[in-house]
Number of protein chains: 4
Amino acid sequence: MLTHWRQGPVAGLRPWQRRAYTVIFLSDTPAGRRFDVALIVTILLGVVLAMLDSLDGIVGQAERSLQGLEWLVTVLFTLEYGWRLACVRRPSRYVLSFWGLVDLAALLPGYLSLLFPGAIFLSAIRILRILRIFQVLNLAGYLGAEWHLVSTLWHSRQRILVFLLSLSTLICLMGTLIFVIEGPEHGFTSIPTGMYWAVITVTTVGYGDLVPQSVLGKALASLVMLLGYAIIAVPSGLVTAKVVGQQLNDQRRCTGCGHLGHAADARFCRQCGTVLPAQGGRRASDKSDSQLADRIKHDGEVK
Amino acid sequence: MLTHWRQGPVAGLRPWQRRAYTVIFLSDTPAGRRFDVALIVTILLGVVLAMLDSLDGIVGQAERSLQGLEWLVTVLFTLEYGWRLACVRRPSRYVLSFWGLVDLAALLPGYLSLLFPGAIFLSAIRILRILRIFQVLNLAGYLGAEWHLVSTLWHSRQRILVFLLSLSTLICLMGTLIFVIEGPEHGFTSIPTGMYWAVITVTTVGYGDLVPQSVLGKALASLVMLLGYAIIAVPSGLVTAKVVGQQLNDQRRCTGCGHLGHAADARFCRQCGTVLPAQGGRRASDKSDSQLADRIKHDGEVK
Amino acid sequence: MLTHWRQGPVAGLRPWQRRAYTVIFLSDTPAGRRFDVALIVTILLGVVLAMLDSLDGIVGQAERSLQGLEWLVTVLFTLEYGWRLACVRRPSRYVLSFWGLVDLAALLPGYLSLLFPGAIFLSAIRILRILRIFQVLNLAGYLGAEWHLVSTLWHSRQRILVFLLSLSTLICLMGTLIFVIEGPEHGFTSIPTGMYWAVITVTTVGYGDLVPQSVLGKALASLVMLLGYAIIAVPSGLVTAKVVGQQLNDQRRCTGCGHLGHAADARFCRQCGTVLPAQGGRRASDKSDSQLADRIKHDGEVK
Amino acid sequence: MLTHWRQGPVAGLRPWQRRAYTVIFLSDTPAGRRFDVALIVTILLGVVLAMLDSLDGIVGQAERSLQGLEWLVTVLFTLEYGWRLACVRRPSRYVLSFWGLVDLAALLPGYLSLLFPGAIFLSAIRILRILRIFQVLNLAGYLGAEWHLVSTLWHSRQRILVFLLSLSTLICLMGTLIFVIEGPEHGFTSIPTGMYWAVITVTTVGYGDLVPQSVLGKALASLVMLLGYAIIAVPSGLVTAKVVGQQLNDQRRCTGCGHLGHAADARFCRQCGTVLPAQGGRRASDKSDSQLADRIKHDGEVK
């Protein structure tokens with residue numbers, strides 16, 4: 001832990017900054033965990049307030065208490081923002097980071113509404129802070145599995161790109177065709193409108209606000225629906241194959257019998273019982289389960 | 001069977017209670033099986049009656065026979081409830097259990113309708129008892145596969161949680177955005193209404209009662225539809241990967257370290273290197289394929 | 001082939017019956033194949049005629065030629081029906097078989113329309129004969145893969161049953177709830193109507209003819225949509241897991257090293273090179289690929 | 001590279017043709033890559049112009065600049081078409097090829113609009129050229145994974161055919177049934193209209209423009225929805241199983257019998273028992289990917 005102080009992100013900070021940093025950015029102390037819980041509660045309160053604010057019927061006393069609570073949340077967020085600024089080594093880097101921008105965007109509407117009364121819609125931006133919940137929970141190590149999902153999708157990025165490109169082309173072509181076939185008199189006023197219809201149809205959403213009227217248009221619509229129905233199998237198949245592949249895919253080779261394909265947590269070859277080579281913890285992030293990663297960490301300590 | 005009497009849930013019951021318990025709660029005797037069938041028939045009758053009750057057009061003689069049948073079902077349920085109370089060791093525990101509450105909730109509306117005429121809607125609660133069918137069929141051992149499904153989903157609970165959290169955040173953000181973009185004049189009267197629209201769109205249901213009118217709103221809607229179309233691949237992939245994974249692992253327990261979940265072709269424990277027991281089919285119902293399990297059993301016999 | 005004559009379904013038939021049977025029921029002769037093609041063409045013609053018949057706008061000369069063609073198809077079907085009756089050993093068995101009933105049902109409307117003019121809708125029943133195409137193509141051995149699909153689904157029948165039972169219960173409960181919440185004034189006139197809405201919502205079809213109006217109803221609808229969105233992963237996962245399982249799941253054990261899990265077409269152990277035990281060709285129809293089955297057949301001949 | 005000149009598609013061309021061919025059809029030179037980028041930009045510009053063209057509100061100065069830009073794109077496409085014609089050995093073969101026809105179809109509307117003013121819809125055909133982007137990106141080797149997808153689907157073509165045939169039959173039968181049940185008075189004016197409704201319902205699109213009104217029609221609709229919900233699992237399962245299958249096999253070729261597609265842990269060919277070449281585990285995690293295909297190409301050259 002002491003080594004960590006010397007080289008971690010808190011190196012060069014004054015003692016009170018270190019303590020604040022530990023509370024805000026880490027979650028392995030009781031105070032840090034309490035801060036995380038308080039933050040999530042405040043964010044959820046802010047989200048609920050923004051929702052209530054958007055309702056029309058709230059007037060009189062209720063409206064005034066609502067405004068009071070909103071100011072409370074804004075002040076709390078401001079204090080937290082200042083605290084974060086004070087205890088990081090390079091405040092400018094925090095301000096320009098993704099989370100820094102989100103935190104700022106959640107503050108500003110409250111103050112802007114003082115200058116421009118009626119800027120009610122802006123307060124909705126505060127809802128963005130809900131994203132912070134992910135970071136908090138992730139820091140707390142509760143949801144290591146989340147990274148697995150992201151990495152699963154990231155490994156398929158090339159295929160996802162091809163898939164999206166094909167889908168865009170299909171939507172472009174089908175939107176143009178329906179515009180040519182149906183025309184403005186049936187509501188398809190332009191190619192972009194036709195593309196909007198194609199998206200509605202290919203994703204099987206089917207609002208029904210734009211529907212083909214002519215026989216040819218209906219035939220095209222049937223084709224697009226069936227295509228959409230078939231195409232959905234592709235992303236589904238890619239994701240599944242990746243997840244299954246990661247489950248199967250540990251490529252360590254047994255030095256005794258040459259057997260491949262051992263489970264991620266295997267220490268002995270299942271065919272001849274020889275001790276397997278160690279995993280090389282660098283691939284720990286690729287494991288299919290956070291509990292697994294934890295166990296590997298423990299193994300490391302035991303050794 | 002006798003040993004079972006001494007320590008099972010019937011220990012300490014009087015003989016007639018034992019007999020009743022066997023009939024109601026177990027299903028390995030002819031009487032028990034007959035009771036199960038009668039129970040399912042009565043429940044289905046109650047469900048059909050509740051449905052007919054909700055229809056408007058039934059009057060005169062038909063209405064009177066309907067009421068007669070309803071009372072018959074209510075009385076039968078009451079008798080069964082009393083019987084259950086009488087033959088369990090701790091009646092209070094049954095009353096407060098999930099099934100006890102369901103059984104009680106199915107009874108009360110009948111009696112309440114005596115006090116408050118017109119409490120017609122309450123009789124619909126009786127439909128809850130349809131859940132009992134699952135317990136009955138499960139007790140009967142017909143549907144062991146059901147537990148497999150539940151355990152499959154339970155093993156993925158962490159990922160399902162992350163998935164639901166991401167989906168909620170997405171719906172929250174998109175609902176706010178559409179509220180800001182479209183506003184009350186196009187039907188998006190509040191952020192919760194916007195979120196309702198986001199759910200309709202992201203799940204590809206697409207009722208069409210709330211549709212964006214502006215160009216920006218349509219662009220956002222297209223994005224949400226495509227996201228919904230892509231996101232559906234995730235739960236699908238997780239469930240599939242789990243089921244495939246369970247197919248590939250078998251349930252042998254290492255005699256050395258107690259580790260479960262070895263690959264089907266493993267001969268040595270991957271955790272401690274002990275020789276694994278041969279494949280013996282005692283947990284045959286857990287195999288992913290009944291024929292497979294049969295074949296493995298035969299292998300065992302041959303050896 | 002001669003052996004086949006003695007014990008097959010043509011045993012005891014007169015020579016012309018044998019010839020007719022070969023043409024109609026088998027497809028390994030040029031005449032049999034020509035008959036299959038002619039049958040499919042006639043069926044498709046009948047289907048197209050039934051569709052044209054249902055259109056309103058056809059009058060005058062076109063209507064008369066349509067009727068002429070319809071009578072031609074009816075006469076052709078009658079001749080075929082008589083031919084089939086004449087060349088099977090037990091005509092009554094054919095008449096009462098599934099295909100016999102379909103064939104008869106396709107004939108009758110034509111003759112009934114003589115007695116009851118205006119029985120136009122009955123002619124639509126003829127479209128049922130389109131099912132015959134599957135039998136014809138299957139007999140021709142073109143589509144062996146079809147059986148694989150059916151067997152894949154059949155192997156999962158227990159899980160599919162549990163899935164359907166759960167879905168029915170869910171639809172029942174949700175239909176009742178929405179009926180209680182929304183009531184007749186919002187279009188939910190009875191529990192069955194509520195269940196119809198639940199089906200529309202849970203399958204993500206979303207016609208939009210029945211939509212909840214109250215806040216509580218919308219909340220329930222959101223829940224049902226998300227459930228439907230999640231539930232769809234289950235059948236998808238089950239089918240996929242079955243197909244993947246069949247790809248991986250050849251359980252032959254190598255007599256040399258005891259290795260399991262060889263590919264379906266493997267003849268040598270991939271771990272030690274020992275010759276594997278033969279597959280027992282009776283399971284050839286279970287292979288995941290008809291081409292594979294072909295290769296196994298050829299292997300059989302080589303041996 | 002010189003060998004390539006002698007036997008490749010540029011053999012027998014004059015030096016300037018060779019240079020032009022390299023720029024247009026290949027992308028392994030800086031000039032070739034610049035041409036590809038310029039082509040994609042021009043196509044995207046053409047697509048955007050076609051979309052703007054379809055909007056109603058553009059008049060005056062904006063309309064004139066739009067027309068100017070459209071002529072620029074048409075002229076650029078014409079120049080490119082001529083260039084392609086000039087530098088291939090057999091121009092007629094290019095003209096009649098798929099891409100040649102697409103390129104020509106993208107040109108003609110511009111010139112036809114001179115003869116027939118008001119042929120505004122024709123300009124939309126130009127959007128077809130967007131397909132060219134795939135060829136360009138593919139030539140550039142960026143998206144080798146695309147072929148993987150196509151080959152995955154191509155391997156399942158027989159099953160996809162069976163699936164489509166079953167779906168068509170289902171739609172045919174359900175369309176006829178709903179026509180007979182609901183009839184013209186509820187909007188189901190003919191069997192094809194009924195089939196259009198069946199497509200809308202089975203694909204879970206659910207526009208809501210055609211909805212059953214009678215109880216029997218609603219029951220049929222519920223059945224069709226649930227069928228559609230179940231059927232979607234089939235293509236999903238087929239695609240996934242194929243992708244998983246391809247991941248599990250690797251691309252080593254047996255030196256004895258030339259068999260491809262061995263399991264990742266195989267040491268002996270499963271067809272002839274020959275010892276397989278070693279895996280070279282360095283890129284083990286990256287299988288199933290276009291980079292793999294590249295290595296195979298390079299291996300070929302090395303040999």
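Reading the values: rules and limits
Residues numbered from 1 in each chain as written. Chains lettered and ligands numbered in written order. Predicted model: local features only at pLDDT ≥ 70, side-chain atom pairs only at ≥ 80, totals over all residues. Heavy atoms only, no water. Helix = DSSP H or I, 4+ residues; strand = E, 2+ residues; numbered from the N terminus. Buried < 20%, exposed > 50% of the residue type's maximum accessible area, 1.4 Å probe, protein only. Contact = heavy atoms within 4.5 Å. Areas by Shrake-Rupley, 256 points an atom, 1.4 Å probe, with all protein chains shown as cover. Salt bridge = Lys/Arg side-chain N within 4 Å of Asp/Glu carboxyl O. Axes fitted to C-alpha atoms, helices over the stretch in contact; angles between N-to-C directions. Parallel < 35°, antiparallel > 145°, perpendicular 65-115°, else oblique. Left-handed = near helix turned anticlockwise from the far one by under 90°. Nonpolar A, V, L, I, M, F, W, Y, C, P; charged D, E, K, R; others polar. pLDDT = per-residue confidence, 0-100. Polar contact = N/O pair within 3.5 Å; in protein donor to acceptor, adjacent residues only side chain to side chain.

Draft legend 1. Representation of the overall build of chain A. Looking only at helices and strands, chain A has 13 helices and zero strands in total. Every one of the 303 residues in chain A was classed for burial, and the buried ones make up 48%. Considering only intrachain contacts with a sequence separation of at least 6, the fraction spanning at least 24 residues in chain A is 53%. Entry remark: accessible area of chain A is about 14600 Å², with carbon and sulfur atoms responsible for 66%.

Draft legend 2. Highlighting the pattern of salt bridges. Tallying each qualifying case throughout the model produces eight salt bridges over all chains. Residues Arg 84 of chain B and Glu 80 of chain B are paired through a salt bridge, measuring 2.7 Å at the closest nitrogen-oxygen approach. With Arg 84 of chain B and Glu 80 of chain B both in helix α4 (residues 60-87), this residue pair falls four residues apart, about one helical turn. Using a relative accessible area of 3% as the deciding quantity, one classes Arg 84 of chain B as buried. Within the structure, one salt-bridge network assembled from shared partners comprises Glu 80, Arg 84 and Asp 103 of chain A.

Draft legend 3. Fine view of the packing of helix α3 (residues 30-54) of chain B against helix α10 (residues 191-202) of chain C. As a packed pair, α3 of chain B and α10 of chain C sit with axes 7 Å apart at the nearest point and diverge in direction by 105 degrees. In terms of their interaxial angle, α3 of chain B and α10 of chain C are classed as roughly perpendicular. Facing Ala 50, Met 51 and Ser 54 of chain B of α3 of chain B, the residues of α10 of chain C in contact are Ile 191, Pro 192 and Met 195 of chain C.

Draft legend 4. Representation of the environment of Ile 127 of chain C. Residue and element names in this part refer to chain C. Considering the arrangement of structural elements, one finds Ile 127 in the loop between α6 (98-115) and α7 (132-139). On the accessibility criterion, Ile 127 (3% relative accessible area) is buried. Expressed as a C-alpha distance, the spacing of Ile 127 and Tyr 111, which sit 16 residues apart in the sequence, is 16 Å.

Draft legend 5. Region of the structure containing the packing of helix α2 (residues 15-25) of chain C against helix α4 (residues 60-87) of chain C. All names here are of chain C. Contact geometry of α2 with α4 gives a least axis separation of 9 Å together with a crossing angle of 125 degrees. In terms of their interaxial angle, α2 and α4 are classed as oblique. Of the two elements, α2 crosses α4, and the hand of that crossing is left-handed. In contact with Trp 16, Gln 17, Ala 20, Tyr 21, Val 23, Ile 24 and Phe 25 of α2, α4 contributes Trp 83, Arg 84, Ala 86 and Cys 87. Residue composition of the contact of α2 with α4, by class: nine nonpolar, one polar and one charged.

Draft legend 6. Molecular detail of the confidence of the model for chain A. Residue and element names in this part refer to chain A. Mean pLDDT for chain A: 73, with 65% of residues reaching 70 or above. Looking over chain A, one finds the lowest element-wise mean pLDDT in helix α13 (residues 290-302), namely 34, and the highest in helix α10 (residues 191-202), namely 92. Counted against residues more than four places away or in other chains, residues 139-146, with its pLDDT under 50, gives 20 contacts. The ipTM value of the predicted complex is 0.73, and its pTM value is 0.77.

Draft legend 7. Main features of unusual backbone geometry. Not every positive phi belongs to a glycine, and Thr 204 of chain A is a case in point at roughly 60 degrees. Relative to the helices and strands, Thr 204 of chain A is located in the loop between α10 and α11 (215-231).

Draft legend 8. Region of the structure containing the side chain of Asp 103 of chain C. Residue and element names in this part refer to chain C. Position of Asp 103 relative to the elements: it lies in helix α6. Its relative accessible area of 2% is what places Asp 103 among the buried residues. Contacts of Asp 103, omitting those with residues within four sequence positions, involve Tyr 81, Arg 84, Tyr 94, Arg 129 and Arg 132.

Draft legend 9. Region of the structure containing the side chain of Thr 42 of chain C. Residues and elements named next belong to chain C. The topology assignment puts Thr 42 in helix α3 (residues 30-54). Residue Thr 42 is classed as buried on the basis of its relative accessible area of 15%. At 2.6 Å, the side chain of Thr 42 forms a polar contact with the backbone oxygen of Ala 38. Setting aside residues no more than four positions away along its own chain, Thr 42 makes contact with Leu 76 and Phe 77.

Draft legend 10. Focus on the environment of Leu 167 of chain A. Considering the arrangement of structural elements, one finds Leu 167 of chain A in helix α9 (residues 157-182). Since its relative accessible area comes to 4%, Leu 167 of chain A is described here as buried. Put simply, Leu 167 of chain A and Gly 228 of chain A are 61 residues apart on the chain and 9.3 Å apart in space, counted from C-alpha to C-alpha. With near-sequence residues (within four places) excluded, Leu 167 of chain A lies in contact with Val 202 and Ile 231 of chain A together with Leu 226 and Tyr 229 of chain B.

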